[in-house]
Amino acid sequence: MKDRGLRKRQIGTVVSSKMDKTVVVSMERIVEHPVYRKYVRRRGKCVAHDAQNMCGIGDRVMIVETRPLSKTKCWRVSEILEKAV
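Reading guide: rules and limits
Residues numbered from 1 in each chain as written. Predicted model: local features only at pLDDT ≥ 70, side-chain atom pairs only at ≥ 80, totals over all residues. Heavy atoms only, no water. Pairing = 2+ DSSP bridges. Helix = DSSP H or I, 4+ residues; strand = E, 2+ residues; numbered from the N terminus. Salt bridge = Lys/Arg side-chain N within 4 Å of Asp/Glu carboxyl O. Axes fitted to C-alpha atoms, helices over the stretch in contact; angles between N-to-C directions.

S.K.: How should I be thinking about the pairing of strand 5 (residues 73–82) in this particular structure?
M.R.: If a strand is regular, its side chains alternate between the two faces of the sheet. For strand 3 (residues 39–49) and strand 5, the ladder comprises three bridges, and the chain directions are parallel. Within strand 5, the residue paired with Val-47 across the bridge is Lys-73.

Here's what the structure looks like:
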(Lines give C-alpha, C1' and ligand atoms only; values in the text may rest on other atoms or scores of the structure.)
Protein backbone atom coordinates (compact mmCIF):
# COMPACT_ATOMS: atom_id res chain seq x y z
CA MET A 1 0.00 0.00 0.00
CA LYS A 2 1.45 3.36 -1.00
CA ASP A 3 1.65 5.91 1.78
CA ARG A 4 2.39 9.44 0.66
CA GLY A 5 2.72 10.88 4.16
CA LEU A 6 -0.91 11.99 4.28
CA ARG A 7 -1.94 9.62 7.06
CA LYS A 8 -1.50 10.21 10.78
CA ARG A 9 1.25 8.24 12.48
CA GLN A 10 1.73 7.47 16.15
CA ILE A 11 4.36 5.62 18.15
CA GLY A 12 3.26 3.61 21.15
CA THR A 13 3.64 0.50 23.26
CA VAL A 14 1.56 -2.65 22.87
CA VAL A 15 -0.39 -3.31 26.09
CA SER A 16 -2.58 -6.20 24.89
CA SER A 17 -2.30 -8.78 22.13
CA LYS A 18 -4.94 -11.29 23.21
CA MET A 19 -7.19 -10.77 20.20
CA ASP A 20 -6.64 -12.34 16.79
CA LYS A 21 -4.95 -9.91 14.34
CA THR A 22 -5.54 -7.03 16.76
CA VAL A 23 -3.41 -5.22 19.34
CA VAL A 24 -4.12 -2.43 21.81
CA VAL A 25 -1.50 0.33 21.67
CA SER A 26 -0.95 2.88 24.45
CA MET A 27 0.43 6.25 23.37
CA GLU A 28 1.92 8.68 25.86
CA ARG A 29 2.34 12.43 25.54
CA ILE A 30 3.61 15.11 27.89
CA VAL A 31 1.50 18.26 28.27
CA GLU A 32 1.82 21.33 30.43
CA HIS A 33 -0.88 21.87 33.06
CA PRO A 34 -2.62 25.17 32.26
CA VAL A 35 -2.72 26.47 35.85
CA TYR A 36 0.23 24.90 37.67
CA ARG A 37 2.69 24.88 34.73
CA LYS A 38 3.81 21.38 35.64
CA TYR A 39 4.36 18.80 32.91
CA VAL A 40 1.95 15.88 33.18
CA ARG A 41 1.85 12.57 31.29
CA ARG A 42 -1.33 11.78 29.41
CA ARG A 43 -2.11 8.41 27.85
CA GLY A 44 -4.44 7.34 25.10
CA LYS A 45 -5.24 3.86 23.89
CA CYS A 46 -6.29 2.73 20.44
CA VAL A 47 -6.95 -0.58 18.74
CA ALA A 48 -4.75 -1.45 15.74
CA HIS A 49 -4.76 -4.18 13.07
CA ASP A 50 -1.82 -6.59 13.20
CA ALA A 51 -2.25 -8.82 10.14
CA GLN A 52 0.56 -11.32 10.86
CA ASN A 53 0.13 -11.45 14.67
CA MET A 54 3.78 -10.38 15.04
CA CYS A 55 3.38 -7.96 17.97
CA GLY A 56 3.73 -8.91 21.62
CA ILE A 57 3.15 -7.08 24.87
CA GLY A 58 5.79 -4.41 25.46
CA ASP A 59 6.78 -3.91 21.80
CA ARG A 60 7.26 -0.34 20.54
CA VAL A 61 5.32 0.02 17.29
CA MET A 62 4.44 2.65 14.74
CA ILE A 63 0.77 2.72 13.79
CA VAL A 64 -0.79 4.43 10.77
CA GLU A 65 -4.35 5.65 10.36
CA THR A 66 -6.43 3.65 7.87
CA ARG A 67 -10.03 3.13 6.83
CA PRO A 68 -12.36 1.74 9.49
CA LEU A 69 -11.78 -2.02 9.77
CA SER A 70 -14.34 -2.62 12.53
CA LYS A 71 -16.34 -0.69 15.10
CA THR A 72 -13.23 0.32 17.09
CA LYS A 73 -10.34 -0.39 14.70
CA CYS A 74 -9.14 2.38 12.36
CA TRP A 75 -5.35 2.02 12.80
CA ARG A 76 -2.90 -0.59 11.53
CA VAL A 77 0.62 -1.53 12.63
CA SER A 78 3.07 -0.33 10.00
CA GLU A 79 6.30 -1.48 11.66
CA ILE A 80 7.73 -2.85 14.89
CA LEU A 81 10.41 -0.44 16.09
CA GLU A 82 11.64 -2.42 19.09
CA LYS A 83 10.80 -5.89 20.37
CA ALA A 84 10.23 -6.45 24.09
CA VAL A 85 12.85 -8.43 25.93
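S.K.: What should I look at first to understand the pattern of salt bridges in this one?
M.R.: Should their charged atoms come close, side chains of opposite charge can pair. Under the counting rule described, the total for this entry stands at three salt bridges. The partner of Asp-59 in a salt bridge is Lys-83, and the shortest N-O contact between them spans 3.3 Å. Of the two residues, Asp-59 is situated in the loop between strand 3 and strand 4 (60–65) and Lys-83 in the segment after strand 5; the sequence distance between them amounts to 24 residues. Each of Glu-28, Arg-41 and Arg-43 takes part in a single network of salt bridges with overlapping partners.

S.K.: I'm lost on the sheet that holds strand 3 in this one. Help?
M.R.: Pairing between the strands of a sheet comes from backbone hydrogen bonds, and it takes one of two forms, parallel or antiparallel. Read once around its circumference, the closed barrel built from five strands follows the order 1-2-3-5-4, with strand pairing classed as mixed. Each adjacent strand pair in this sheet contributes to an overall mean axis angle of 50 degrees, direction not counted. Relative to strand 3, strand 2 (residues 22–32) runs antiparallel, the two being bridged by 11 bridges. Note that in strand 3 the partner of Arg-29 across the bridge is Arg-42.

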